[in-house]
Amino acid sequence: MEKYNGISKITTQFLDGELSKLEMSYNADKSLDLTVQYQDDNGYWYDYEVVLNLETGKIYSATHQSEGYLNKVSLDRKKEFEMAIQNYLLVH
Amino acid sequence: MVLLNTAVSSDLSTLIVNLGIIILAGLFMGRVFESMKIPAITGYLVAGLILGPITHYISYEQLAEMSIVSDIALGFIAFQVGTELWFGKLKKSGMKIVIITIVQAVATTTLVILLTLPFVDLPVALMLGAIAAATAPAPIIMIIKKYRTKGELTDTILPVVGLDDAVGVIFFGILLSISITLMGTTEAGLGFAHMLVEPLIEIGLSILIGLVIGYLSGLSARTISQGNDRKEKSLNIIVVTVLLTTGAALLFGASPILTPMLAGTVVTNMINKECYHLEEETIRFFVPPIMIAFFTIAGAQLRFDVIISAGIIGALYIVGRTIGKFAGAYAGASWVNSSDKVKKFLGVSLLPQSGVAIGLSIAAFNELAPIHMANALIIKNVVLASVLFFALIGPVLVKIAFFKANEVTEFDEKKVKTWKSTTVYQK
């Protein structure tokens, strides 16, 4: 469990929110999908999904959006967050 | 008989195919707008505009046959707004936020009613005033995340927006009941007691049905244990709750907006945070096609002739809402001794309007059309056209407000580059 505390810290540091759910799925095409679901102080939830290419070790796609069918809006990607996640996943 | 069956099945198949096309068009335009960083709902409305008043691919009669989609979608919207009234969250936000939210909502509603009243019947003015209170969080969230804003304005606006829709829906539910009574009664037969009693019965019934069904749903939600099928169970409970509350409200003459909203509030306050999140997540996976269809149909129902003839009312709605939000937020913030920047910029930041306002305008149309079609059309078209206006202008104003309030901590890359190159050039 200690292993995932790092992702929690990265989420707080770069996305200003508390990690509420983490989903990882390993794909046979040598990629890893990571979905970080986090919540801000006001109870709004957000999804940040990154797809890491395990061959190159780089993120090749990512989406960031607010949750909820009435509030859904596409948000800007955060390079610092993606770099931190990429480095973290490669090390651990 | 065979011919009749064929005709019915042909109508039904056309309806189903049209529904598929509506969802597809909405989905496509939603994605296009999302890629332009505009909330998807605006894209759904534009898709509807293309299918309806622009190309006339789908007629108003065909759209009327899809009213069941509207009723169900409205139930889900109201339920969702109800879940935002989670007392734990309200406690955390504090009395300051509650006061600001109520004051700005009352000011906006009152001003829109007063400005539009000389040009429309009282029930129309009441409906426009109530709908004007609603605010869309999406553009505000987008700006806050993009520029990583920090400060008192940011800390105030998010909880206010979270609560604002709930306050708006409560106003709407009460004023809709009064409007129905006003419209449905001839002047000679209109007594004060009658005007008061009928809405009170409707509101009372809504509270009763919402509380009872919400309580039973809350009890059921509590029994969901950990396991792979918990999402499925949660979905079943929510769908049944929304359908029962909406259907019962329509059947017994209660409010189809207040009833599911109250059920949502009761369920949310009976379950723990984890269940609450599960509930949110579950709705999110089930509802999108219904919502896409609902908002696209709303766009297709726009009528340019009504918008043009009601132009002055639309302009007054926009002016009244803008001044009301600004003045109301200023007054509310002054009351609770907020800083000058909150007083100055909160109202402007509350201008975006979207999903809930559209939903309420459709709800008003559905309820009032059988009594007075012309008035119902004015409400729907004025609100839909204004929503498009606020969807485009709102985010720009929110951005300016945060920059003026000095709460932006991250700037556009382009601007940083320009600044850097200017520095180099100066050297």
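The paragraphs below set out a description of the structure included in this document. (Residues numbered from 1 in each chain as written. Chains lettered and ligands numbered in written order. Predicted model: local features only at pLDDT ≥ 70, side-chain atom pairs only at ≥ 80, totals over all residues. Heavy atoms only, no water.)

1. Here's the deal with the pairing of strand E2 (residues 31–39) of chain A
Point 1. For E2(A), the buried fraction is high: nine of the nine residues fall into the buried class.
Point 2. Residue alternation in E2(A) divides its side chains into two sets, Ser31(A), Asp33(A), Thr35(A), Gln37(A) and Gln39(A) and Leu32(A), Leu34(A), Val36(A) and Tyr38(A), and both sets are buried. (Buried < 20%, exposed > 50% of the residue type's maximum accessible area, 1.4 Å probe, protein only. Helix = DSSP H or I, 4+ residues; strand = E, 2+ residues; numbered from the N terminus.)

2. Some remarks on the packing of helix H14 (residues 288–300) of chain B against helix H18 (residues 355–368) of chain B
Residue and element names in this part refer to chain B.
Point 1. With their axes 11 Å apart at the nearest point, H14 and H18 run at an angle of 65° to one another. Here H18 runs roughly perpendicular to H14, going by the angle between their axes. Crossing handedness for the pair H14 and H18: left-handed. Where H14 approaches H18, its residues Phe294, Phe295 and Ala298 are matched on the opposing element by Gly355, Ile358, Gly359 and Ile362. (Axes fitted to C-alpha atoms, helices over the stretch in contact; angles between N-to-C directions. Parallel < 35°, antiparallel > 145°, perpendicular 65-115°, else oblique. Left-handed = near helix turned anticlockwise from the far one by under 90°. Contact = heavy atoms within 4.5 Å.)

3. Structural notes on the pairing of strand E4 (residues 58–66) of chain A
Residues and elements named next belong to chain A.
Point 1. Looking at chain direction, strand E3 (residues 45–53) and E4 are connected through eight bridges and run antiparallel. Paired with glutamate 49 across the two strands is threonine 63, which belongs to E4.
Point 2. If you look at the hairpin formed by E3 and E4, you'll find four residues sitting between the two strands, and glycine 57 has a positive phi there, around 75°. (Pairing = 2+ DSSP bridges.)

4. So, the packing of aromatic side chains
Residues and elements named next belong to chain A.
Point 1. Summed over all chains, the structure comprises seven aromatic pairs over all chains.
Point 2. Judged by centre distance (4.6 Å) and plane angle (45°), the rings of tyrosine 48 and phenylalanine 81 are tilted. With a gap of 33 residues between them, tyrosine 48 in strand E3 and phenylalanine 81 in helix H2 (residues 79–91) connect regions that are remote in the sequence. Accessibility assignment for this pair places tyrosine 48 and phenylalanine 81 in one class, buried. (Phe/Tyr/Trp six-rings, centres within 6.5 Å; stacked < 30°, edge-to-face > 60°.)

5. Regarding the sheet that holds strand E1 (residues 18–27) of chain A
Residues and elements named next belong to chain A.
Point 1. Ordered in space as E1-E2-E3-E4, the four strands form an open sheet in which the pairing is antiparallel. Looking along the sheet, the strands with just one partner apiece sit at the ends: E1 and E4. Going across the sheet, the axis of each strand differs from the next one's by a mean of 15°, ignoring polarity.
Point 2. As paired elements, E1 and E2 share nine bridges and run antiparallel to each other. Each bridged residue has a counterpart across the sheet, and for lysine 21 the counterpart in E2 is glutamine 37.

6. Notes on the interface of chain A and chain B
Point 1. Facing the 30 residues of chain A at the interface are 37 residues of chain B.
Point 2. In this assembly, chain A packs against chain B so that about 3000 Å² is buried in total across both faces, 51% of it on carbon and sulfur atoms.
Point 3. Linking chain A to chain B there are two salt bridges.
Point 4. The residue Asp16(A) makes a salt bridge to Lys150(B) at a minimum N-O spacing of 3.2 Å.
Point 5. Along the contact surface separating chain A from chain B lie eight residue pairs in polar contact (both at pLDDT 80 or more).
Point 6. Elements represented by at least two residues in the side of chain A that touches chain B include exactly helix H1 (2–15), E1, E2, E3 and E4 of chain A.
Point 7. By residue class, the composition of the side of chain A that touches chain B is ten nonpolar, ten polar and ten charged. (Buried area = accessible area lost by both parts, 1.4 Å probe. Salt bridge = Lys/Arg side-chain N within 4 Å of Asp/Glu carboxyl O. Polar contact = N/O pair within 3.5 Å; in protein donor to acceptor, adjacent residues only side chain to side chain. Nonpolar A, V, L, I, M, F, W, Y, C, P; charged D, E, K, R; others polar.)

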